[in-house]
Each structure stands twice: as structure tokens, then as C-alpha cells.
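# An overview of the molecular structure
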Amino acid sequence: MKKITIIFFSLLLMNCQAQNKPDEIPLKEEMVTYTFDPIAEGISIPWGMTFLPDGALLVTEKSGKLYHIHNKIKKEILNVPPVYNRGQGGLLDIALHPNYSQNGWIYITYASPEGEGTGGNTKLIRAKLEKDALTQIETLYKCSPNTTKSQHFGSRIVFDNQGYLYFSAGERGEHFVNPQDISRDNGKIYRLHDDGRIPTDNPFVGQSNTKEAIYCYGVRNPQGMAKHPITGDIWEHEHGPQGGDEINIIKKGANYGWPVITYGINYDNSIISNEQMKPGMEAPIYQWTPSIAPCGMTFVTSSKYPDWKGHLLVGSLKFQYLELVKLNGKNIIGRQKIATNIGRLRNVIEGPDGFIYISVEGKGILKIIPN
């Protein structure tokens, strides 16, 4: 594979706060040169990525395939469970246990047809990798009921510093039912022990008629989660409707308001809610209007990118670029386009080698090498 050198024209949007609208933010143009090194090609919709201790990369493909990539050699992993590949559903995120070198557990979310009702819903499993196949597959959580709706499965997986597992599940298009009802799955972020047990200090444990795995609720379609490298907080972003994509910091028992509060409107321009804030509901720390359709996120800790270090990277499906979200603590102070017209970005992660890797629909996996 040949390396591809691209010149990026960047826009720097300064002093962005959650209440700002994009048309109020001054723009500053920059021109930066980077090199893209193709790591794997021929992956239609690469969704989840995680690195094994030997430097190999595991990549999920939405249609249901799982790939092992090492030294630019791509090999398919066998025995992946059947997925409900419809619309936004399919094989989704993948993550390693924090102690993977000792226990070998791999965690995967996907749209599953198993369980109550026709169609599918988000499921979390864990498995081990042996001789290019998944083995010892265990179901940890399955959202229910299934539905044939094609949207808003989520989903991302992240572990916190205490070893708890968080995973997201979108509201499945039922925004007037699921996200505000803690007796129902979907429109939620869940917290579990690594073996699927529900922590006794989850916020709704012991309450009647609740899903006790819920950690927080009132979210729409979370397709990005990442642990802050310093504070350990779990950050999440989610798709709004037409406008109102959000960045949130996850809090125990918090209600993030969808659809009671939102900066977005319906796709037919009708009003969903006239409120952007309400007592008892968490306002986002930042919102994008117009929507960028965020997908994937990672904090940059590598010194290979001195201008990016300490900030957040987010992929844009709609506008087909990688966005650098500049931070001062929890405040968003700027935005910069990194990879203009690169394609529909599905994920971005920082590898153990300190390089940034992105997954792009139709292109596969690319490594960004600063010149």
C-alpha cells in the first residue's frame, strides 16, 4: 500500500461554549500537512477498533465481520454471532478488558435478533480469541424488546478506572417512550461489572420496575464514548436530530433530557421541544448546530501531535472530516477541522504506538502520521 499525502485546510472556531451557536463563532483558516498510511483496505463500514498487546488491530465491520489486522495483513475472525444488519444496526463496538493480558476477555456490542419480538436490539457479549475464532462467548446484557426500526442502536464500550464497564444503547427511534422511562431499555448508558453482574451501587438498584443496569438516561443515539486520561470521567457524544448533537460527561443517575430538552428540531423542521434547559436535567457541555453526525471519539495523549495533545478528536459522518475539539478543563474553547473530505468517519482511536488511527467508510483504516 502506498502512503497518501494530503493537505488539509482547517478552520479554527474559538471560544465555543455550550450555549454558543455555530454562526456566532469566528473562523480562522489554517493549512496543515499530514500523511495518511493505509493500514487495511476493503472494509465497507469499519465501526469498532481495539489494539491487542502485540500491536495487532481488531476491527468490526457493520455487516457482521470481525477482522484481525497485523503488519497490514487482514484476516477474518470466525464464529462471530449472527447480527441484525439493518439500517444503523449490525456489528458495532469492540474493547479489551483492562487486564486482557491476564484474562483474554474481549467485549463486543452488536444488533442482535435474539430475544423478545421481531427485529433486533443492542446486545453486549464477551468472548476470547483462540486460533482466529471467537470462543467462550457469554451474553452480558441484551436490550429488549426487539424492533424492526432501523435506527439508533448506539453503541460504544468503555471501562473506567475502577474496572466497571459502560456501554451505550440508542433509543431505537422511540424517543417519546424509551429515553425517559427507566423501566425500559434504550436511550440509556449502562454500567456493569466485567462479568455482566449489576453493581449494587448503580443508581436504580432496588427500585421496583426499573432496569437496574442503567447508569444514566435521556440520551438519543450515543456513538462515541471515551475515558478522560486525567480525571477518569466518561465522556459521551450523541447524535441529535436536525441540530443538537451533544457532548456530555456521564454522571450517576443523571437525566440528559432527550427529548424534553434539545437544541435540535425534527427532520421535517417541526419543533420537538422549546426548552434547552430544565431543572433536574443535564445540559450538554457542548452542542453542534448544525449537526455534524459525530461518530467515535478519543482523547489525545501522545506527544507525536503536540498541537492536539490534551484535546479531543471526534469523527463527522455528515461533513466527512475529523474534528479536533479543543479543551480547557471541561470547557470547549475551539474546534479545528483535521481531515477535510476524507470520507464518513466511523471511529478514531489512539494506538499504543502513539499514532492516531481512523476508520473511514469504503476506505478502511488509516494511520495519521504528522510530518
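Whatever comes next refers back to the structure up there.
Keep in mind that what you see is a predicted model, and the values were worked out from it rather than measured.

## Observations concerning the overall build of the protein chain
The helix and strand tally for the protein chain stands at 1 helix and 25 strands. Once the C-alpha set of the protein chain is aligned to its principal axes, its extents read approximately 55 × 55 × 40 Å. Out of the 371 residues belonging to the protein chain, those deemed buried represent 58%. Expressed as a percentage of contacts within the protein chain between residues at least 6 apart in sequence, the contacts between residues at least 24 apart total 57%. Carbon and sulfur atoms provide 48% of the accessible area of the protein chain, an area that totals close to 15,000 Å². Across the protein chain, the centroid of the 39 positively charged side chains sits 3 Å from that of the 37 negatively charged ones.

## Quick notes on the pattern of salt bridges
The tally for this structure, following the rule as stated, stands at 13 salt bridges. Residues arginine 191 and aspartate 201 are paired through a salt bridge, measuring 2.5 Å at the closest nitrogen-oxygen approach. Placement of the pair is arginine 191 in strand β13 (residues 188-192) and aspartate 201 in the loop between β13 and β14 (214-217), with a sequence separation of 10 residues. In this structure, the salt-bridge partner of arginine 346 is glutamate 361, at a minimum N-O distance of 2.8 Å. Pair noted here: arginine 346 is in strand β23 (residues 345-350) and glutamate 361 is in the loop between β24 (356-360) and β25 (364-370), with a separation of 15 residues, a long-range link.

## Some words on the packing of aromatic side chains
Counted according to the given criterion, the structure contains 11 aromatic pairs. When the centroid spacing of 5.9 Å and the interplanar angle of 70° are considered together, the rings of phenylalanine 204 and tyrosine 217 count as edge-to-face. Residue phenylalanine 204 is located in the loop between β13 and β14, and its partner tyrosine 217 is located in strand β14; the two are separated by 13 residues in the primary sequence. On the accessibility criterion, phenylalanine 204 (8% relative accessible area) is buried.

## Digging into the pairing of strand β6 (residues 73-77)
Judged from the 5 bridges that link them, strand β5 (residues 65-70) and β6 form a sheet pairing that is antiparallel. Residue pairing for β6: isoleucine 69 is matched across the bridge by lysine 74.

## Notes on the sheet that holds β5
Strands pair in a sheet through their backbones, by hydrogen bonds, and they do so in one of two ways: parallel or antiparallel. Strand order in the open sheet made by the 4 strands is β3-β4-β5-β6, with antiparallel pairing throughout. Single-partner strands in this sheet number two, and they are β3 (46-51) and β6. Averaged over all pairs of adjacent strands, the angle between their axes in this sheet comes to 25°, without regard to strand direction. Summarising the sheet, strand β4 (residues 57-61) and β5 pair through 5 bridges and their orientation is antiparallel. From the neighbouring strand, leucine 57 faces β5, where its bridge partner is isoleucine 69.

## Remarks on the environment of valine 314
Relative to the elements of secondary structure, valine 314 occurs in strand β20 (residues 312-316). Overall, the relative accessible area of 0% leaves valine 314 in the buried class. Along the sequence, valine 314 and serine 302 sit 12 residues apart, while their C-alpha atoms lie 16 Å from each other. Those residues in contact with valine 314 that lie beyond four places of it in its chain are His237, Trp288, Ile292, Pro294, Cys295, Gly296, Met297, Tyr321, Leu322, Glu323 and Val325.

## With respect to unusual backbone geometry
The step from serine 144 to proline 145 runs through a cis peptide bond, and the omega angle for that step is -5°. In this structure, proline 145 sits in the loop between β10 (133-142) and β11 (157-159). Across the junction of glycine 154 and serine 155, the peptide omega takes the value 10°, indicating a cis bond. Residue placement: serine 155 occurs in the loop between β10 and β11. The phi torsion at asparagine 71 lies on the positive side, around 50°, for a residue other than glycine. Mapped onto the secondary structure, asparagine 71 falls in the loop between β5 and β6. For asparagine 71, a relative accessible area of 64% translates into the label exposed. The backbone of asparagine 341 sits at a positive phi, close to 60°, despite the residue not being glycine. Considering the arrangement of structural elements, one finds asparagine 341 in the loop between β22 (331-337) and β23. Under the relative-accessibility criterion, asparagine 341 is labelled exposed at 63%.

## Considerations on the nonpolar core
Grouped together as the largest cluster of nonpolar side chains are 32 residues, with contacts concentrated most on Trp308, Ile358 and Ile365. Elements with a contribution of two residues or more to this core: β2 (27-40), β3, β4, β5, β21 (321-328), β23, β24 and β25.

## Regarding the side chain of threonine 298
Here threonine 298 shows up in strand β19 (residues 294-299). Relative accessible area serves as the criterion here: at 11%, threonine 298 is assigned to the buried category. Excluding residues that lie within four positions of it along the chain, threonine 298 makes contacts with Ala226, His311, Leu312, Leu313, Val348, Ile349 and Glu350.

## Description of the environment of histidine 239
For histidine 239, the location among the structural elements is in the loop between β16 (234-238) and β17 (245-249). Between the C-alpha atoms of histidine 239 and arginine 346, which are 107 residues apart in sequence, the distance is 13 Å. In this structure, histidine 239 is in contact with Arg220, Asn221, Gln223, Asp245, Ala293, Pro294 and Leu317, ignoring residues within four places of it in sequence. Polar contacts involving the side chain of histidine 239 include one to the main-chain carbonyl oxygen of proline 294, which spans 2.7 Å.

Thresholds applied
Residues numbered from 1 in each chain as written. Predicted model: local features only at pLDDT ≥ 70, side-chain atom pairs only at ≥ 80, totals over all residues. Heavy atoms only, no water. Helix = DSSP H or I, 4+ residues; strand = E, 2+ residues; numbered from the N terminus. Buried < 20%, exposed > 50% of the residue type's maximum accessible area, 1.4 Å probe, protein only. Contact = heavy atoms within 4.5 Å. Areas by Shrake-Rupley, 256 points an atom, 1.4 Å probe, with all protein chains shown as cover. Lys, Arg positive; Asp, Glu negative; His and termini not counted. Charge placed at Lys NZ, Arg CZ, Asp CG, Glu CD. Salt bridge = Lys/Arg side-chain N within 4 Å of Asp/Glu carboxyl O. Phe/Tyr/Trp six-rings, centres within 6.5 Å; stacked < 30°, edge-to-face > 60°. Pairing = 2+ DSSP bridges. Axes fitted to C-alpha atoms, helices over the stretch in contact; angles between N-to-C directions. Core = buried A, V, L, I, M, F, W, Y, C linked by side-chain atoms within 4.5 Å. Polar contact = N/O pair within 3.5 Å; in protein donor to acceptor, adjacent residues only side chain to side chain.

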